[in-house]
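# Structural overview
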Amino acid sequence: MERLNASQEPMIKLDNIVVKFGDFTALHDINIEVKEGEFFTFLGPSGCGKTTTLRTLTGFIEPYEGRVYVRGEDITDVPIEKRNIGIVFQSYALFPTMTVYDNIAFGLKVKKMKKDEIDEKVRAIAAKVDLSDEQLKKAVSQLSGGQQQRVAIARALVTEPAIICLDEPLSNLDAKLRVQLREELKKMQREFGITSIYVTHDQEEALTLSDRIAVFNKGVIEQIGTPNDIYNHSQTEFVCNFIGDINKLSEDIVTRLTLKGADIDPTWNHYVRLERIHVNEDQRPGVLTVKGKVDSREYYGLYIKYYIDLGSQLIKVMERNDGVHIYDPGDEVTINIDPADLMSYPPKEEAAE
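Calculation rules
- Residues numbered from 1 in each chain as written.
- Predicted model: local features only at pLDDT ≥ 70, side-chain atom pairs only at ≥ 80, totals over all residues.
- Heavy atoms only, no water.
- Helix = DSSP H or I, 4+ residues; strand = E, 2+ residues; numbered from the N terminus.
- Buried < 20%, exposed > 50% of the residue type's maximum accessible area, 1.4 Å probe, protein only.
- Contact = heavy atoms within 4.5 Å.
- Lys, Arg positive; Asp, Glu negative; His and termini not counted.
- Charge placed at Lys NZ, Arg CZ, Asp CG, Glu CD.
- Pairing = 2+ DSSP bridges.
- Axes fitted to C-alpha atoms, helices over the stretch in contact; angles between N-to-C directions.
- Core = buried A, V, L, I, M, F, W, Y, C linked by side-chain atoms within 4.5 Å.
- Domains from an automatic or database assignment.
- Buried area = accessible area lost by both parts, 1.4 Å probe.
- Phe/Tyr/Trp six-rings, centres within 6.5 Å; stacked < 30°, edge-to-face > 60°.
- Lys NZ or Arg CZ within 6 Å of the ring centre and 35° of its normal.
- Patch = residues over 30% accessible without salt bridge, like charges linked within 9 Å, V, L, I, M, F, W, Y side chains within 5 Å.
- Areas by Shrake-Rupley, 256 points an atom, 1.4 Å probe, with all protein chains shown as cover.
- Salt bridge = Lys/Arg side-chain N within 4 Å of Asp/Glu carboxyl O.
- pLDDT = per-residue confidence, 0-100.

### A short note on the overall build of the chain
Scanning the chain for helices and strands turns up 10 helices and 18 strands. By its C-alpha atoms, the chain is 75 × 50 × 40 Å across when sized along the principal axes. Relative to its full complement of 353 residues, the chain shows a buried share of 47%. In the chain, 67% of the contacts between residues at least 6 apart in sequence involve partners at least 24 apart. In the chain, the 43 positive side-chain charges and the 57 negative ones have mean positions that sit 6 Å from each other.

### Structural notes on helix 2 (residues 100-110)
Burial in helix 2 covers these residues: Val100, Tyr101, Asn103, Ile104, Ala105 and Leu108. The positive-phi residue at the C-terminal boundary of helix 2 is lysine 112, with phi of around 60°.

### Looking at the sheet that holds strand 6 (residues 85-88)
Spatial strand order, 6-7-8-3-9-10: six strands in an open sheet with mixed pairing. Both outer strands of the open sheet, strand 6 and strand 10 (220-225), are each paired with one neighbouring strand and no more. The sheet shows a mean angle of 15° between the axes of neighbouring strands, taken without regard to direction. Bridging between strand 3 (residues 39-43) and strand 9 (residues 212-217) involves four bridges; their strand directions are parallel. Looking at the pairing, leucine 43 lines up with valine 215 of strand 9. Its contacts with the sheet put helix 5 (residues 145-157) on strand 6 and strand 7 (163-167), and the angle it makes with strand 6 is roughly 170°.

### Some thoughts on the pairing of strand 7
Here strand 7 lies mainly inside the structure; five of its five residues are buried. Side-chain alternation along strand 7 places Ile163, Cys165 and Asp167 on one buried face and Ile164 and Leu166 on a second face that is also buried. For strand 6 and strand 7, the ladder comprises four bridges, and the chain directions are parallel. In the strand pairing of strand 7, glycine 86 is matched with isoleucine 164.

### A word on the nonpolar core
If you look at the biggest cluster of nonpolar residues, it comprises 34 residues, and the most contacted ones within it are Val100, Ile104, Val122, Ile153 and Leu185. Only helix 2, helix 3 (115-128), helix 5, strand 7 and helix 6 (175-192) provide two or more residues apiece to this core. When residues of this core are assigned to their parent elements, the largest contribution, six residues, is made by helix 5. Core analysis: the next-biggest nonpolar cluster, separate from the first, contains 29 residues, Ile12, Ile17, Ile32 and Cys48 among them.

### Focus on the domain arrangement of the chain
Splitting the chain by domain gives domain 1 (12-242) and domain 2 (247-352). Summarising the inter-unit geometry, the C-alpha centres of domain 1 and domain 2 are found 38 Å apart. Taken together, the contacts link 10 residues of domain 1 with nine residues of domain 2. Looking only at domain 1, the three residues that lose the most surface to domain 2 are Tyr231, Glu237 and Cys240, adding up to 70% of its buried area.

### Quick look at the packing of aromatic side chains
Applying the stated rule across the entire model yields eight aromatic pairs. Judged by centre distance (6.0 Å) and plane angle (65°), the rings of tyrosine 271 and tyrosine 345 are edge-to-face. Taken together, the residues span a long stretch of sequence, with tyrosine 271 in strand 12 (residues 269-273) and tyrosine 345 in strand 18 (residues 343-345) at a distance of 74 residues. In this structure tyrosine 271 comes out as buried when scored by relative accessible area, which is 3%. The buried category is assigned to tyrosine 345, whose relative accessible area is 6%. An aromatic cluster is built from Phe40, Phe42 and Phe216, whose rings are joined through pairwise contacts. Above the plane of the ring of tyrosine 64 lies lysine 20, whose end atom (NZ or CZ) is 4.5 Å from the centre. In this arrangement the basic side chain of arginine 273 is found over the ring face of tyrosine 231, its NZ or CZ atom lying 4.1 Å from the centre.

### Some details on a nonpolar patch on the surface
On the surface, Tyr300, Leu302 and Tyr303 cluster together into a nonpolar patch covering about 300 Å² of accessible area. With respect to the element layout, tyrosine 300 can be found in the loop between strand 14 (288-299) and strand 15 (303-309).

### Things to note about the confidence of the model for the chain
Across the chain, pLDDT averages 89, with 96% of residues at or above 70. Counting interchain partners and residues more than four positions distant, the pLDDT-below-50 stretch residues 1-7 has 16 contacts.

Okay, here's the thing in structure tokens:
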């Protein structure tokens, strides 16, 4: 097998991966490097290529072009079962009539390990993912969705893979359980120190779990970076719009910013995050103050989201709830927009005829 320079070796390297299904190109020149022990997320809308990339890494899909490396070894042509990669599917893919114990032990039995060694490993991993001895005896179908998810993770981890891949593992759960298991997933990943590839379309999930994120769009990667890079320093207009909530500023507000001395191109598209705008704040030099009227509000407890009518546009503002300064629909207010908080992008070129 080919080897990369050992001193530069990432844990995973996807090198110029192209995937085609007939005449359709699903992935265009995908380049990703993942460090050992990193929690790395593939994020994007449905059909953007994130699961296709995961399946190329795990061996379910053969790339049309490009190579897959793990620890510097070219594994592009290595069979799935010899890649030492654990997989947790969206559906969990558990055996419903088998016990929890037998589901977790399945991969070890395939490896023809001794019975006592299998028992030791199954019970050790079950304890780490909070599955009791009583639950190990039950059929998988008797467990809740959250417990089944833990079984799927235990089954993937028990064979001690170098990498674990999780394809939308929380999407079938209710919102409260999703948040709870998200915390448990991150805790487990830290404890095991295992290199993790996580696929999701949920921005909040990606931001809270990841060390780094690759944002996919139509088979290409728009940006790779930390959650802070992706959210506060979005490299493309797609990333800026896809991650979190944001305001696109109207031509009128952009003109007023330039008249105030802001060094921005009025022909570009300018955006500002909700939490960067404040209601009835003291005026500051170089910051645009605009009068408006509260149109409506959404109360979230920790914060309040206001929709403020500026005349030329309805702007969204996220204010921390101090329990004192709460504005009602119809109240006249001012907002401040600091040019330093803008994310700006050139207008998209018109498609050629």
